[in-house]
Amino acid sequence: MTATAINPTNVKPNRATVRATQRRELLILLGFLAVIWAVTTALSPRFLTPANLKDILIQAAPLGFVVIGQMIVIIVRGLDLSVASIMATVAVLSTSLIDSTPVIFVVGLLLGGFIGAINGYLVAYRKVTPFLATLATMIVLQGIRFAYTKGAPGGTLPETFRWLATGDILGIPVALIALAIVAVGIHWVLERTVFGRRLKLYGDSPDAAYMTGAPTKLLVVVAFVISGVMAAIAGLFLVGYVGIVDNWTGRGYELDSIAAAVIGGAVLSGGKGSVPGVLLAALILVSLFNIVVILGLSIELQLVIKGALIILAAAVYMKRSQS
């Protein structure tokens, strides 16, 4: 009988170690957020006013929805480049069909889930790489959207719809309340259910997940469906905040969500992701974009910040993959 040496680099950390690492990373993100808020407040006291903080939280909600969905897809070794196009397409189609706010959301969520299912089918059953599958979906949706609208922006939105995106309950933005409910639910699913454990197991090792009897292809499809639904919710909240339906709603959210997901603890090789971490990273991104405006800096600086954050996300990923 031949003894087999165990390579320490192949030994998966236990759950306690993973949670300790996530807590440490969360504290680092909190520290960074506190520093940039403190520095900006010293330069411009207007930053820390209740009105501006409320605006930051409302703007962070759509990105928060998207980054949760993006994280789920990344956990199963995927990537969703179609999220911004889903946001715009759902907003354009659902708001043009009827002026009832509940129906708009139901239609939007169903449409987002359907598009996500197509992405998941292409990846899981047709073996298309996530990059190519979601890139193709993004382009197809753009074509459908512009053909439908003839390139023109949409009209006005119902008042109740606008209130959901910009209103508040006891001073707390409705969008933030909705995000908190969804975030708690997704966090519970990931940490406390068999489905969540199977998602992470698949990300760690698809073969191991298959050997346990997990429906691996279905896991991938469901992950993309969740991403599609999250993008749909984000698109509806974003157009409600802006007040007009545009063909480019959510533009740039695909890169922002990937950067926030990786900075917040997700690993592109799969198996890891923390809802609190990715939401905090999303808040950091939105805060940085707001700081550019508050300090009166060139708006082009936002592009520089996005590029720098993507580089930072790549560096963070490389460090995690080597640890």
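Residues numbered from 1 in each chain as written. Predicted model: local features only at pLDDT ≥ 70, side-chain atom pairs only at ≥ 80, totals over all residues. Heavy atoms only, no water.

Participant: Explain the overall build of the protein chain to me, using residue names and the numbers behind them.
Facilitator: Broken down by element type, the protein chain carries 13 helices and two strands. At 20 Å, the protein chain has a C-alpha radius of gyration in line with the 20 Å of a compact globule built from 323 residues. Expressed as lengths along the three principal axes of its C-alpha atoms, the size of the protein chain is roughly 75 × 50 × 35 Å. Counting only residues that meet the buried cut, the protein chain has 47% of its 323 residues in that class. Across the protein chain, contacts joining residues at least 24 apart in sequence account for 78% of those joining residues at least 6 apart. For the protein chain, the accessible area works out to roughly 15600 Å², and carbon and sulfur atoms hold 70% of it. (Helix = DSSP H or I, 4+ residues; strand = E, 2+ residues; numbered from the N terminus. Rg over C-alpha atoms; globule rule 2.2 N^0.38 Å. Buried < 20%, exposed > 50% of the residue type's maximum accessible area, 1.4 Å probe, protein only. Contact = heavy atoms within 4.5 Å. Areas by Shrake-Rupley, 256 points an atom, 1.4 Å probe, with all protein chains shown as cover.)

Participant: Tell me what's going on with the nonpolar core, and back it up with residues and numbers.
Facilitator: Grouped together as the largest cluster of nonpolar side chains are 85 residues, with contacts concentrated most on M71, I72 and L190. No other element matches the 16 residues that helix α10 (residues 216-242) contributes to this core. When sequence neighbours within four positions are dropped, the list of residues in contact with I72 reads I186, L190, L199, A223 and I226. (Core = buried A, V, L, I, M, F, W, Y, C linked by side-chain atoms within 4.5 Å.)

Participant: For a nonpolar patch on the surface, give the residues involved together with the corresponding values.
Facilitator: Taken together, the side chains of L97, I98, V103 and Y148 present a nonpolar region at the surface, about 360 Å² in accessible area. Here L97 shows up in helix α3 (residues 83-97). Among the residues examined, L97 registers a relative accessible area of 58% and is labelled exposed. (Patch = residues over 30% accessible without salt bridge, like charges linked within 9 Å, V, L, I, M, F, W, Y side chains within 5 Å. Salt bridge = Lys/Arg side-chain N within 4 Å of Asp/Glu carboxyl O.)

Participant: Quick one: what's the story with the packing of aromatic side chains, residue by residue and with numbers?
Facilitator: Counted under the stated rule, the structure contains six aromatic pairs. A network of ring pairs unites the aromatic residues F65, F105, F161 and F237 as a single cluster. Over the aromatic face of W248 sits the side chain of R145, whose NZ or CZ is 6.0 Å from the ring centroid. Its end group placed over the ring of W248, R251 keeps NZ or CZ at 4.6 Å from the ring centre. (Phe/Tyr/Trp six-rings, centres within 6.5 Å; stacked < 30°, edge-to-face > 60°. Lys NZ or Arg CZ within 6 Å of the ring centre and 35° of its normal.)

Participant: Could you give me a rundown of the packing of helix α4 (residues 101-124) against helix α5 (residues 130-149), with the residues and numbers involved?
Facilitator: How two helices pack is summed up by the angle between their axes together with the distance between the axes. At a minimum axis distance of 9 Å, the contact between α4 and α5 shows a crossing angle of 145°. Crossing of α4 over α5 shows right-handed handedness. Each of I115, N119, L122 and V123 in α4 lies in contact with α5, whose residues at this interface are P130, A133, T134, T137 and L141. Broken down by class, the residue content of the contact of α4 with α5 amounts to six nonpolar, three polar and no charged. (Axes fitted to C-alpha atoms, helices over the stretch in contact; angles between N-to-C directions. Left-handed = near helix turned anticlockwise from the far one by under 90°. Nonpolar A, V, L, I, M, F, W, Y, C, P; charged D, E, K, R; others polar.)

Participant: Give me α3: which residues, what numbers.
Facilitator: If you check α3, its first and last C-alpha atoms are 21 Å apart, about what 15 residues at 1.5 Å a residue would give, namely 21 Å. With respect to burial, α3 is a largely interior element, twelve of its 15 residues being buried. Inspection of α3 places V83, A84, S85, I86, M87, A88, T89, V90, A91, V92, S94 and T95 among the buried residues, and these make up the whole buried set. Buried residues belonging to α3 abut α2 (50-75), α4, α5, α6 (159-166), α10 and α11 (253-263). (Expected span 1.5 Å × (residues − 1).)

Participant: Give me the lowdown on the environment of G273, citing residues and values where you can.
Facilitator: Structurally, G273 is set in the loop between α11 and α12 (275-294). For G273, a relative accessible area of 0% translates into the label buried. As a C-alpha pair, G273 and Q70 span 203 residues in sequence and 10.0 Å in three-dimensional space. When residues no more than four places from it in sequence are discounted, the contact partners of G273 are Q22, M71, I75, K200, G265 and A266.

Participant: Explain the packing of α6 against α10 to me, and be specific about the residues and the numbers.
Facilitator: For the pair α6 and α10, interaxial distance at closest approach is 8 Å and the crossing angle is 100°. In terms of orientation, α6 and α10 fall into the roughly perpendicular class. For the pair formed by α6 and α10, the contact residues are F161, R162, L164, A165 and T166 on the first element and L236, F237, V239, G240, Y241 and V242 on the second. Across the contact of α6 with α10, the residue classes tally to eight nonpolar, two polar and one charged. (Parallel < 35°, antiparallel > 145°, perpendicular 65-115°, else oblique.)

Participant: Quick rundown of the environment of A183? Include the residues and the values.
Facilitator: Checked against the element boundaries, A183 lands in helix α7 (residues 174-192). Remark: the alpha-carbon pair of A183 and A314, spanning 131 residues in sequence, is separated by 25 Å. Among residues more than four places away in sequence, those in contact with A183 are I68, V275 and L279.

Participant: Could you give an account of α7, naming the residues involved and the relevant values?
Facilitator: Counted at 1.5 Å a residue, the expected span for α7 with its 19 residues is 27 Å, and the 27 Å between its end C-alpha atoms agrees. Of the residues making up α7, those classed as buried are V174, A175, L179, A183, I186, L190 and E191.

Participant: Explain the confidence of the model for the protein chain to me, and be specific about the residues and the numbers.
Facilitator: Model confidence for the protein chain is summarised by a mean pLDDT of 88, while 92% of its residues fall at 70 or above. Here residues 1-11 scores under 50 on pLDDT; set against residues more than four positions off or in separate chains, the count is one contact. (pLDDT = per-residue confidence, 0-100.)

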